[in-house]
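Report on the structure
For reference, the chains in residue letters:
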Amino acid sequence: MDDVSTTEETAPETAANGIVSASAIPADELARLTDDIVSALKTVYDPEIPADIYELGLVYKIDIEDDRSVKIDMTLTAPGCPVAGEMPGWVENAVGAVEGVSGVEVNMTFDPPWSPDRMSEEAQVAVGWY
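Every chain's residues receive numbers from 1 upward, in the order its sequence appears when written. Selection of residues for local features in this predicted model requires a pLDDT of at least 70, selection of side-chain atom pairs for listing and counting requires 80 or more, and totals for whole chains, interfaces and linings are taken over all residues. Note that water and hydrogens are dropped before the side-chain values are worked out from all heavy atoms of the structure.

In this description a helix means any DSSP run of H or I spanning at least four residues, a strand means any run of E spanning at least two, and both kinds are numbered starting from the N terminus. Within the secondary structure, Trp90 is located in helix α2 (residues 87-96). In the structure, Trp90 is positioned 49 residues away from Leu41 in sequence and 9.2 Å away in space, judged by C-alpha atoms. Among all residues touching Trp90, those that are not within four sequence positions of it are Val44, Tyr45, Pro47 and Val83. Residues count as neighbours in contact if any of their non-hydrogen atoms are within 4.5 Å of one another.

What follows is the structure in structure tokens.
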């Protein structure tokens, strides 16, 4: 019989809050980072709408890399938004202040375009739509 060696692939871990991780970052630390990043995003407000960018649904994706850098894909309520040039800096500053984050990269996209149906119930209440 031939000797056959196999390698086992490590299955992604699922943290208590449902985060699936194939990351080198321990699941509990990844969960804390995720919660803290979301909390930081909730401190950034669209100046034209009385709701934060996270609840407005402007954040499309948050990637936490193994080196603890964070990549965020987000949009604005409209391509001609007057704070288009400033908003990425606000997001970088807020998320960059989270303990353990080594750097932040914000990618602005308008595909898909934002629409009010992306808003959370909390944001709808804040703008009086609920």
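Once that is clear, we can look at the sheet that holds strand β4 (residues 69-74). Strand order in the open sheet formed by three strands is β3-β4-β5, with mixed pairing between adjacent strands. The sheet is open, and its two borders are formed by β3 (59-64) and β5 (103-108), each paired with just one other strand. The sheet shows a mean angle of 15° between the axes of neighbouring strands, taken without regard to direction. All axes here are fitted lines through C-alpha atoms, helices being fitted over the stretch that makes contact, and every angle between N-to-C directions spans 0 to 180 degrees. Packed on one face of the sheet, helix α1 (residues 27-41) meets β3 and β4 and runs near 145° to β3. Of the strands in this sheet, β4 and β5 are in contact with α2, which crosses β5 at around 150°. For two strands to count as paired, DSSP must find a minimum of two bridges between them.

Both β3 and β4 contribute to a ladder of five bridges, which runs antiparallel. Bridging from a neighbouring strand, Asp63 pairs with Lys71 of β4. Connecting β3 to the antiparallel partner β4 that follows it, the hairpin turn spans four residues, and Arg68 within it adopts a positive phi of roughly 70°.

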